Structure formats: structure tokens, C-alpha cells
Amino acid sequence: WIDGRIPTKPQADFLESGRLVGPFLSRSFKVWNCWNEPDRIAMLGILYMHCRVPSYEWLWERFTFEYMVFDGLYALAATRCRLPAFRGHAKRIARLCDRLGIPTDQDIVQRIVCLRNDLFHQLSFGGDAPGFGGHGTVFRLPLCLRALNRRIIAALLGWDAPFVHSPWWTLFSVPFDL
């Protein structure tokens, strides 16, 4: 069942030589398998949606669903890492990054939060209606958010490697095992 386009170009912002796929999956499964059932189901939903994001055509759609993935990750991390429920989205990103040892760039975080707030509350994406905006300065923000989500997923699944602690706001590919 496919209800959208399937990307034919690589979507990852990281490089993996193949030697870490087994250890990563093994470690991730061991960590995930120790979680309670609601947390395991939540992570499966997060991974499912995270994998679907590239099939959305419009940049605003990819941003929306990538932000939903972040929201799900924060909710999961709130229970797993004992994080407080913040109302402000910028504080949530900073708090989660701090807890997981993921670096952050406050300017990019603020731009992501503003883009999210404009889209969700004013139906504006990059100053235009969804489907018409997304060029220029906002183009890279969904990509940055996706890179951040990848690091959060890896960290929550127990992968404490330099990749997790690498900058996510650049458009450069980073080795998964640095």
C-alpha cells in the first residue's frame, strides 16, 4: 500500500559504511524491548511517520509531519527521561537536546518554532500560504528538523555515538559513526 510518492534519491544526512547497521539495530532493539508496551508502541508510530515524511510532496507537509515526529519524540522522552511538560516549543527543543547531549543552535531553533507557529496558527509558511512558500530561508528548516529527529531517535534507542552529538543544523552529511 503506497499512498504517496516514493523518494528515489537518498534522504539521509549521514553516511554509514555498513559496519554499524547490525550493532545499531541490535542495540536499539535491546533498549526498545526493555520499554513498557505504551512506549514501544509510541516509538513504532514515531518511526513509521518519520519514514513516511520524505514521500510528502510539499515542503510545508514535510515540515508539519516532521514536527509531529518531534512532538511524539518529546512526549516519549518526557516519560523516559523525566522531562517537564513545557508549553513553549523552543524550550522543549532546548531541554530535550540538553538532556540527550545533542548540540543546538538557538537561532535555528527559534526559526523552526516561528515557522511552526506561523503554519499552525496563521496558515502561513515562509510568509506565504502553504504550497506557495518554502523558498529561500525556510527551505532548509524541515531538513534541519529531520536531522534533529534522527539524532533524538538514535539517542533514545541507546546509540551514544558522536553522530548523536554532532550539529544537525548544517546541510552537510555526517558519518554515522564519526
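Only a predicted model underlies this, so the values are computations on that prediction, with no experimental measurement involved.

Engineer: I'd like a rundown of the nonpolar core, residues and numbers included.
Structural biologist: Ranked by internal contacts, the top residues of the largest apolar core, which has 54 residues, are Met43, Ile93, Ile112, Ile152, Leu156 and Trp168. Contributing elements (two or more residues each) for this core: α1 (21-33), α2 (37-52), α3 (59-80), α4 (89-100), α5 (106-122) and α6 (141-156).

Engineer: Can you explain the packing of α2 against α3? Please cite residues and give values.
Structural biologist: Axes are the key here: two packed helices are described by the angle between their axes and the distance separating the axes. For the pair α2 and α3, interaxial distance at closest approach is 9 Å and the crossing angle is 160°. As summarised for this structure, α2 and α3 are arranged roughly antiparallel, according to the angle between their axes. Judged by the sense of rotation from one axis to the other, the crossing of α2 with α3 is left-handed. Touching Asp39, Ala42, Met43, Ile46, Met49 and His50 of α2 are Phe65, Glu66, Val69, Gly72, Leu73, Leu76, Thr79 and Arg80, all from α3.

Engineer: So what's going on with the environment of Ala75? Residues and values would help.
Structural biologist: Looking at where Ala75 falls in the secondary structure, it is placed in helix α3. Sequence separation between Ala75 and Ala85 is 10 residues, and the spatial gap between their C-alpha atoms is 8.3 Å.

Engineer: Would you mind going over the packing of aromatic side chains in detail, with residue names and values included?
Structural biologist: Taken as a whole, this structure holds nine aromatic pairs when the rule is applied. For the pair Phe63 and Phe125, a centre-to-centre distance of 5.9 Å together with 55° between the ring planes defines the contact as tilted. With a gap of 62 residues between them, Phe63 in helix α3 and Phe125 in the loop between α5 and α6 connect regions that are remote in the sequence. Each member of the pair Phe63 and Phe125 is classed as buried. Ring centres 5.8 Å apart and planes at 65° place the aromatic pair Tyr67 and Phe70 in the edge-to-face group. Taken together, the positions of Tyr67 and Phe70, both in helix α3 and three residues apart, correspond to about one turn of that helix. The two residues Tyr67 and Phe70 agree in class, both being buried. Each residue in the set Phe63, Tyr67, Phe70, Tyr74, Phe120 and Phe125 is aromatic and connected to the rest through ring pairs, giving one cluster. Here the basic side chain of Arg40 rests over the ring of Trp32, its NZ or CZ set 5.6 Å away from the ring centre. Positioned above the aromatic ring of Tyr74 is the side chain of Arg92, whose terminal nitrogen or guanidinium carbon lies 4.8 Å from the ring centre.

Engineer: Help me get a handle on the side chain of Ser28, residues and values and all.
Structural biologist: With respect to the helices and strands, the residue Ser28 is situated in helix α1. Within the local environment of Ser28, its side chain forms a polar contact with the backbone oxygen of Phe24, the two atoms lying 2.8 Å apart.

Cut-offs applied
- Residues numbered from 1 in each chain as written.
- Predicted model: local features only at pLDDT ≥ 70, side-chain atom pairs only at ≥ 80, totals over all residues.
- Heavy atoms only, no water.
- Core = buried A, V, L, I, M, F, W, Y, C linked by side-chain atoms within 4.5 Å.
- Buried < 20%, exposed > 50% of the residue type's maximum accessible area, 1.4 Å probe, protein only.
- Helix = DSSP H or I, 4+ residues; strand = E, 2+ residues; numbered from the N terminus.
- Axes fitted to C-alpha atoms, helices over the stretch in contact; angles between N-to-C directions.
- Parallel < 35°, antiparallel > 145°, perpendicular 65-115°, else oblique.
- Left-handed = near helix turned anticlockwise from the far one by under 90°.
- Contact = heavy atoms within 4.5 Å.
- Phe/Tyr/Trp six-rings, centres within 6.5 Å; stacked < 30°, edge-to-face > 60°.
- Lys NZ or Arg CZ within 6 Å of the ring centre and 35° of its normal.
- Polar contact = N/O pair within 3.5 Å; in protein donor to acceptor, adjacent residues only side chain to side chain.

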